[in-house]
Amino acid sequence: MKVFHSMALNGRTPEQIERDRTQHHQWIHENYKDAEILDTYIKTNPPESVKEKPLWYFGKGVMEFLSQADLLIVPHNWEDVRGVRCEKYIAEQYGIPVTVMPAFDESDSLD
């Protein structure tokens, strides 16, 4: 089963992202034994001409990877994160099941 793991990235350091990503992936593997987590983290930067960088990342990663997913997993605070809200909406519109992860600890919240 291919899993799209969604999480907040904006305003977070690479260290925070990696720490939470590791914790979330552990939870996913414990709860979905056959999960193949898609690597959706875009490491390249948008061209200089891009005005809305978050939208560029959204288009670059979400549409390509969500189209491959059997399941979308979102964080407990998905309603607070614009991109995650959009991903959840798109998944629902295309019949991709959505699971909400539990809260893990304070590091998992938006600062």
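Residues numbered from 1 in each chain as written. Predicted model: local features only at pLDDT ≥ 70, side-chain atom pairs only at ≥ 80, totals over all residues. Heavy atoms only, no water.

### Quick word on helix α2 (residues 53-66)
Here comes step 1: When the terminal C-alpha atoms of α2 are compared, their 19 Å separation across 14 residues agrees well with the 20 Å that a helix rising 1.5 Å per residue should span.
Here comes step 2: Turning to α2, the residues buried within the fold contact β1 (2-5), β3 (71-74) and α3 (82-93). (Helix = DSSP H or I, 4+ residues; strand = E, 2+ residues; numbered from the N terminus. Expected span 1.5 Å × (residues − 1). Contact = heavy atoms within 4.5 Å.)

### Quick look at the confidence of the model for the protein
Here comes step 1: With 94% of its residues at a pLDDT of 70 or more, the protein shows a mean pLDDT of 89.
Here comes step 2: Looking over the protein, one finds the lowest element-wise mean pLDDT in α2, namely 87, and the highest in strand β2 (residues 36-37), namely 98.
Here comes step 3: Here residues 107-111 is a poorly scored stretch, pLDDT under 50, and it has 14 contacts once near neighbours within four places are set aside; other chains count. (pLDDT = per-residue confidence, 0-100.)

### A look at the pattern of salt bridges
Here comes step 1: Evaluated as defined, the whole model comprises 5 salt bridges.
Here comes step 2: Within the structure, one salt-bridge network assembled from shared partners comprises Arg12, Arg19 and Asp20. (Salt bridge = Lys/Arg side-chain N within 4 Å of Asp/Glu carboxyl O.)

### Structural notes on the sheet that holds strand β4 (residues 98-100)
Here comes step 1: Read from one edge to the other, the open sheet built from 4 strands follows the order β2-β1-β3-β4, with strand pairing classed as parallel. Only two strands of the sheet have a single neighbouring strand rather than two, namely β2 and β4.
Here comes step 2: Here β3 pairs with β4 via 3 bridges, running parallel. Each residue of the ladder has a partner; that of Ile73, found in β4, is Thr99.
Here comes step 3: Here α3 sits on the sheet and contacts β1, β3 and β4; the angle it forms with β3, its principal contact strand, is near 155 degrees. (Pairing = 2+ DSSP bridges. Axes fitted to C-alpha atoms, helices over the stretch in contact; angles between N-to-C directions.)

### Some remarks on the packing of aromatic side chains
Here comes step 1: Throughout the structure, instances matching the rule amount to 2 aromatic pairs.
Here comes step 2: Plain terms: the ring middles of Trp27 and Tyr32 are 6.4 Å apart, the flat faces sit at 65 degrees to each other, and that makes the pair edge-to-face. As far as the burial class goes, Trp27 and Tyr32 line up, both buried.
Here comes step 3: Ring geometry for Trp56 and Tyr57: centres 5.0 Å apart, planes at 80 degrees, overall edge-to-face.
Here comes step 4: One Lys or Arg, Lys88, reaches over the ring of Trp78 and ends 4.3 Å from the middle of that ring. (Phe/Tyr/Trp six-rings, centres within 6.5 Å; stacked < 30°, edge-to-face > 60°. Buried < 20%, exposed > 50% of the residue type's maximum accessible area, 1.4 Å probe, protein only. Lys NZ or Arg CZ within 6 Å of the ring centre and 35° of its normal.)

### A closer look at the pairing of β3
Here comes step 1: Neither face of β3 is open: one carries Leu71 and Ile73, the other Leu72 and Val74, and all of them are buried.
Here comes step 2: Pairing geometry for β1 and β3, over 3 bridges, is parallel. Paired with His5 across the bridge in β3 is Ile73.

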